[in-house]
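Secondary and tertiary structure notes
Spelled out, the chains give:
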Amino acid sequence: MSVSRAVTNNIALKIAAVILALVLWAFAKGEQRGDRLMSVPLIVRNLPEGVTTVEKVPETIDVVLAGANKELVSLTLWGNVYAFVDMTDAQPGRSLRVSLSPANVVVPRNVDVLALEVRNPKSLDLDIDRLISKRTKIDPRMEGELAEGYFILGWATSIPDSVTTYGPASVVDFLHSVRTESLNVSGRRDRVEASRSIVFDEPWNLHSVPRDVRVVVEVEGTRTVTLANAPVVFEHESGFGSATISPLAAEIVLSGAEHRVRNLGSGDITVVVDARGLPKGTHELIPVVETPEGVDLEQVMPVRFTVTLE
């Protein structure tokens with residue numbers, strides 16, 4: 001019989017034998033016992049009404065569980081182990097030191113697993129305070145740069161503009177505003193709006209209602225306007241028989257965010273030609289143009305003014 005025929009002969013039977021061997025190996029492996037380090041949720045029980053911790057209680061702790069491997073795998077996948085701390089004795093103004101041990105770990109009764117050890121943290125130091133609430137203004141945050149030539153209209157806003165903040169009195173009493181997660185506006189050319197969570201500084205045990213708000217950033221582009229007859233302010237020394245300037249008005253081209261330049265008039269611009277200190281004669285002078293904040297000067301026509309002092 002050829003080698004290839006020997007390999008392929010009764011192939012289905014051979015595959016079934018391999019699968020059976022793997023199943024038996026997995027079963028035998030699952031029946032073996034071992035231990036595993038797991039991170040499990042930590043639950044606060046029996047906290048008196050109107051009382052809270054000043055700092056956040058850890059959401060999870062690390063525990064060592066021992067038992068059949070298959071049971072440990074099942075618990076890892078489905079996560080139905082948890083730990084608890086009993087806060088029955090919590091009173092405002094007191095500090096509690098809570099030791100954590102296997103007695104604080106709850107494992108389902110129908111599994112062959114035991115809690116051996118609490119690794120991290122082994123204890124909690126908790127300061128207790130009154131639980132209060134107050135309405136707090138929102139400080140919306142944003143990051144990134146808009147597309148070139150675009151501007152933020154005003155500043156970022158939120159809907160609603162405030163939330164009810166809950167937490168320890170020693171922190172909430174001094175809380176003037178809360179911030180949001182940053183809204184990224186990079187490269188945007190139009191209105192940006194998205195849901196963002198309220199973010200509190202560590203380590204304080206603070207919460208808000210609602211937890212999420214809408215952050216809105218109004219965006220607008222650049223607009224160019226031309227003021228055809230902006231009057232010129234002509235300044236010169238006294239004592240001349242005559243002092244003239246030509247022309248008497250200027251054409252000004254300005255650019256800026258649309259809301260800044262939309263309603264600009266000649267009265268909003270100052271064009272100054274300064275001949276002070278100059279002797280008699282004819283002079284060609286470059287004007288100085290003063291524009292409102294946030295408005296850029298693009299062009300002045302004419303570039304030079306003719307001044308005659310006699």
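The paragraphs below set out a description of the structure included in this document. Please read all numbers here as calculations on a predicted model, not as lab measurements.

Focus: the layout of surface pockets
Each pocket or cavity is described by its volume, and for the largest pocket that value is around 570 Å³. As for the largest pocket, its lining consists of 20 residues, of which Lys 56, Glu 59, Asn 205, Leu 206 and His 207 are closest to the centre. Counting only elements with at least two residues in the lining of the largest pocket, the list comes to β1 (33-45), β2 (51-53), β15 (192-199) and β16 (207-209). A breakdown of the residues in the lining of the largest pocket according to their chemical character gives eleven nonpolar, five polar and four charged.

Here we look at the sheet that holds strand β7 (residues 113-120)
Ordered by their spatial adjacency, five strands build an open sheet running β6-β4-β1-β3-β7, and the pairing between neighbours is mixed. Where the open sheet ends on each side, the last strands, each with one partner, are β6 (105-106) and β7. Where strand β4 (residues 82-86) lies against β6, two bridges are found, and the strand directions are antiparallel. Looking at β6, one finds that Ala 83 is bridged to Val 105.

Structural notes on the nonpolar core
Counting 27 residues, the largest nonpolar core has Ile 61, Leu 65, Leu 75, Val 105, Val 107 and Leu 124 as its most contacted members. For this core, the secondary-structure elements that each account for two or more residues are β1, β3 (60-68), α3 (69-78), β4, β5 (95-99), β7 and β8 (123-139). Here Val 107 is in contact with Leu 65, Leu 75, Val 81 and Val 113, once residues within four sequence places are set aside.

Description of the pattern of salt bridges
In this structure the tally under the stated criterion is 14 salt bridges. Lys 56 is the salt-bridge partner of Glu 202, the closest N and O atoms lying 3.4 Å from each other. Placement of Glu 202 in the loop between β15 and β16 and of Lys 56 in the loop between β2 and β3 is noted, with a sequence separation of 146 residues between them. On the accessibility criterion, Lys 56 (38% relative accessible area) is partly exposed. Its salt-bridge partner being Arg 191, residue Glu 218 comes within 2.7 Å of it at the nearest N-O pair. Taken together, the residues Glu 218 in the loop between β17 (212-217) and β18 (219-235) and Arg 191 in the loop between β14 (183-184) and β15 connect sequence positions 27 residues apart. Residue Arg 191 is classed as partly exposed on the basis of its relative accessible area, which comes to 40%. Linked through salt bridges whose partners overlap, the residues forming this network are Arg 191, Glu 193, Arg 214 and Glu 218.

Quick notes on the rules
Residues numbered from 1 in each chain as written. Predicted model: local features only at pLDDT ≥ 70, side-chain atom pairs only at ≥ 80, totals over all residues. Heavy atoms only, no water. 1 Å grid on protein atoms, 1.4 Å probe; cavity = no way out; pocket = protein on both sides within 12 Å on 5 of 7 lines; lining within 4 Å. Points joined across faces, edges and corners; volume = space filled by probe spheres on them. Helix = DSSP H or I, 4+ residues; strand = E, 2+ residues; numbered from the N terminus. Nonpolar A, V, L, I, M, F, W, Y, C, P; charged D, E, K, R; others polar. Pairing = 2+ DSSP bridges. Core = buried A, V, L, I, M, F, W, Y, C linked by side-chain atoms within 4.5 Å. Buried < 20%, exposed > 50% of the residue type's maximum accessible area, 1.4 Å probe, protein only. Contact = heavy atoms within 4.5 Å. Salt bridge = Lys/Arg side-chain N within 4 Å of Asp/Glu carboxyl O.

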